[in-house]
Amino acid sequence: MAQQLQQGLGEKVWSALELEWLPAYHDWRSAHLWMGQHYEVPVALCVLYVIVIFGGKRLMRDRPAFDLQQPLFFWNVFLATFSAVGALCTVPHIYTTVKERGFTEDMCTTTSEMANPWVYLFCLSKIPELLDTVFIVLRKKPLIFLHYYHHVMTLLYCWNAWAIHIPNGGWFASMNLIIHTLMYSYYAACAIGVRFSNRTRLSITSLQILQMILGVSIVLHNLVVCNTHPENYIFGLVMYASYMVLFTKLFIDSYVFRRPARDVKSAKERAERVKDEQEQDHTAADSSRIRKRPTTVKKAN
């Protein structure tokens, strides 16, 4: 599959997409050695991230929201493009390895992960993706637990995954890159005012839940078949299972039990109407008491 893409796009274009020039500037194949010795980096980044977002929420509490329409649009376009190119350059190598050597061989070795730097870059991309939350805070949008929990856990997991070279990282990267291509494209369109149907949002959330189900399945496969990194696999199982629960809850809250906007509006109108009627009743009762109040005449001495 990779060879077919190379023939279709041209050798120079495919070489550029596969980042064959990168080793001349950065030895990405041995970067795991440095990462394995510096776990304080992702931990410090996560602590700083939590301080910034919750400190930012406090600072923005009495301030007007920033618009940030153009920066948000370009940021999402950048992430969508990165994800699309990354998916294009990771999926073919997984397909080729599975086709030539079998599914278990690909799941239990790092052949496809080391074919090019894109899985490595995917792991590092979890650092700049933290800026997603900064946009939420500055625009004073709702910040749910799933959002920042997901960012922290994924950054810690991906750093460890590359540091120890887990063999199924290519699958995780490919799934996430495909979903992010759709998700960030959607966010970019929303940033410039494009409005989508409820079905579109439902589909994206459904794909995210499917990703978590596949993630749990892959981790369980490696725990049973090739348990080379049990600590990381257990970490991954907890991470994907918790994501699956949280995304399912988000789906249920957003699309199952959530009332349509017209129902919410009519409920508010009924509540306001009842409140007005109660106020009118109180006013009428007060007026009646005033009219019925006896008049006292002070006698002169």
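We now turn to the structure provided with this report. (Residues numbered from 1 in each chain as written. Predicted model: local features only at pLDDT ≥ 70, side-chain atom pairs only at ≥ 80, totals over all residues. Heavy atoms only, no water.)

## Here's the deal with the packing of aromatic side chains
Thought 1: Summed over the entire model, instances satisfying the criterion amount to 21 aromatic pairs.
Thought 2: Put simply, the rings of F54, F145, Y148, Y149, Y157, F172, F235, Y240 and Y243 touch in pairs and so form one group of aromatic residues. (Phe/Tyr/Trp six-rings, centres within 6.5 Å; stacked < 30°, edge-to-face > 60°.)

## Quick look at the state of the cysteines
Thought 1: All told, the structure shown has one disulfide when counted by the stated rule.
Thought 2: Disulfide pairing places C108 opposite C226 at an S-S distance of 2.0 Å. Disulfide C108-C226: the torsion about the S-S bond is -80°, which places it as left-handed. Here the residue C108 occupies a position in the loop between α6 (103-107) and α7 (118-124), and C226 occupies one in the loop between α11 (198-225) and α12 (230-256), the gap between them amounting to 118 residues. (Disulfide = S-S within 2.5 Å. Helix = DSSP H or I, 4+ residues; strand = E, 2+ residues; numbered from the N terminus.)

## Regarding the side chain of T97
Thought 1: Considering the arrangement of structural elements, one finds T97 in helix α5 (residues 69-101).
Thought 2: For T97, a relative accessible area of 7% puts it in the buried group.
Thought 3: Beyond its immediate stretch of four places on either side in the chain, T97 contacts G102, D106, T111 and S112. (Buried < 20%, exposed > 50% of the residue type's maximum accessible area, 1.4 Å probe, protein only. Contact = heavy atoms within 4.5 Å.)

## What about a nonpolar patch on the surface?
Thought 1: Judged by side-chain polarity, L182, L207, L210, I213 and L214 come together as a nonpolar surface patch covering roughly 390 Å² of accessible area.
Thought 2: For the nonpolar patch, the leading source of residues is α11, giving four residues.
Thought 3: Note on placement: I213 falls in helix α11. (Patch = residues over 30% accessible without salt bridge, like charges linked within 9 Å, V, L, I, M, F, W, Y side chains within 5 Å. Areas by Shrake-Rupley, 256 points an atom, 1.4 Å probe, with all protein chains shown as cover. Salt bridge = Lys/Arg side-chain N within 4 Å of Asp/Glu carboxyl O.)

## Topic: the pattern of salt bridges
Thought 1: Throughout the structure, instances matching the rule amount to two salt bridges.
Thought 2: Salt-bridge contacts for E129 lead to K126; the nearest nitrogen and oxygen are separated by 3.2 Å.
Thought 3: For D253, the salt bridge identified is with K249, shortest N-O distance 2.7 Å. Here the residue D253 and the residue K249 both occupy positions in helix α12, the gap between them amounting to four residues, near one helical turn.

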